[in-house]
Amino acid sequence: TLPHEYGHVHWHTWLFDRYCIRNERHKCLRAQIIPVSGDIDWMEWLAGYVSGAMLMPRSRVQLQVGAFRGERRVEGRLDQESIEGQLLIQRTSELFKVSPDAARVRLRQLAYLQS
């Protein structure tokens, strides 16, 4: 949660300062990070991306996925619903101490998983 909110503070403060009324309460809509309908709330997406990058750096994920691929003898993007895809999500979640959803999102962002 803290890295997500930091993403808002770091990247969006100027928007709030410029376009919002002072002392107006702002609300984070985390449910819109991965939209169901296709409409993307870019502020939520960016804050989610920032938090994933802070908690699961690309270089560390790359090392972990490389080791996983060698161990499981798999190549390319994995289907997130496959046994290997689910195992990769679980291991990433455990290694980086994040939720399985956060791990799945980061692995998709880095193109290690396909929908």
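A brief structural summary. Computed from a prediction, not measured in an experiment: that's the story for all the values here.

1. Re the packing of helix α4 (residues 83–96) against helix α5 (residues 100–109)
1) Next: It is at 8 Å that the axes of α4 and α5 come closest, and there the two elements cross at 115°. Taken together, the axis directions place α4 and α5 in an arrangement best described as roughly perpendicular. Viewed along their axes, α4 and α5 form a crossing whose handedness is right-handed. In this structure, α4 uses L88, I89, T92 and S93 to contact α5, whose residues at the interface are P100, A103, R104 and L107.
2) Next: Of the residues that constitute the contact of α4 with α5, the class distribution is five nonpolar, two polar and one charged.

2. Remarks on the pattern of salt bridges
1) Next: Under the definition given, this model contains two salt bridges.
2) Next: The salt bridge involving E71 is made with R91; its shortest N-O contact spans 2.8 Å. With a gap of 20 residues between them, E71 in helix α3 (residues 58–72) and R91 in helix α4 connect regions that are remote in the sequence.
3) Next: The exposure class assigned to E71 is partly exposed, which follows from its relative accessible area of 48%.
4) Next: A residue is classified by how much of its surface remains accessible, and R91, at 29% relative accessible area, is partly exposed.

3. Considering α3
1) Next: Its 15 residues give α3 an end-to-end C-alpha distance of 21 Å, which sits within 8% of 21 Å, the value for a rise of 1.5 Å per residue.
2) Next: All of the buried residues along α3 are V61, Q64, V65 and F68. All buried residues of α3 lie within an arc of 100° about the axis, which places them on one face of the element. For α3, the exposed residues set more than 90 degrees away from the buried face come down to L63, A67 and G70.
3) Next: Residues of α3 that are buried in the fold lie against β1 (78–79), α4 and α5.
4) Next: Just beyond α3, the residue with positive phi is R73, at close to 55°.

4. Quick notes on α5
1) Next: Of all the residues in α5, the buried ones are A103, V105, R106 and L107.
2) Next: The secondary structure elements touched by the buried residues of α5 are α2 (42–55), α3, α4 and β2 (113–114).
3) Next: Note on α5: the residue one or two positions beyond its end, A111, has a positive phi of about 65°.

5. With respect to the packing of α3 against α4
Each pair of packed helices can be summarised by the angle the axes make with each other and by the distance between the axes.
1) Next: Interaxial distance between α3 and α4 falls to 11 Å at its minimum, and their mutual angle equals 140°. On the basis of the axis angle, α3 is oblique to α4. Handedness of the α3/α4 crossing: right-handed. Residues R60, V61, Q64, V65, F68, E71 and R72 of α3 touch α4, and the partners they reach there are I83, E84, L87, L88, R91, T92, L95 and F96.
2) Next: For the contact of α3 with α4, a count of residues per class yields eight nonpolar, two polar and five charged.

Rules used in this analysis
- For every chain, the first residue of the written sequence is number 1, and numbering continues from 1 along that sequence.
- Reporting in this predicted model follows two pLDDT cut-offs: at least 70 for local features of residues, and 80 or more for side-chain atom pairs to be given and counted; totals over whole chains, interfaces and linings ignore these cut-offs and use all residues.
- The side-chain numbers reported here are obtained from all heavy atoms of the structure, hydrogens and water having been left aside.
- The axes used here are C-alpha line fits, helices contributing only the stretch in contact, and every angle between their N-to-C directions lies in the interval 0 to 180 degrees.
- Put simply, DSSP marks the helices as runs of H or I at least four residues long and the strands as runs of E at least two long, and each gets a number from the N terminus on.
- An angle below 35 degrees is read as roughly parallel, one above 145 as roughly antiparallel, one from 65 to 115 as roughly perpendicular, and any other as oblique.
- Whether a crossing is left-handed or right-handed is set by the direction in which the near helix is turned from the far one by less than a right angle, anticlockwise for left-handed and clockwise for right-handed.
- Contacts were defined at the residue level, with two residues in contact if any of their heavy atoms lie within 4.5 Å.
- Residue classes follow a fixed rule: Ala, Val, Leu, Ile, Met, Phe, Trp, Tyr, Cys and Pro count as nonpolar, while Asp, Glu, Lys and Arg count as charged, and any other residue, Gly among them, counts as polar.
- By definition here, a salt bridge exists when the distance from a side-chain nitrogen of Lys or Arg to a carboxyl oxygen of Asp or Glu is within 4 Å.
- Residue burial is assigned from relative accessible area. The probe radius is 1.4 Å, only protein chains are included, and a residue is buried under 20% of its type maximum, exposed over 50%, and partly exposed in between.
- To estimate the expected span of a helix, subtract one from its residue number and multiply by 1.5 Å.
- The reported arc concerns the directions from the helix axis to the C-beta atoms and nothing else.

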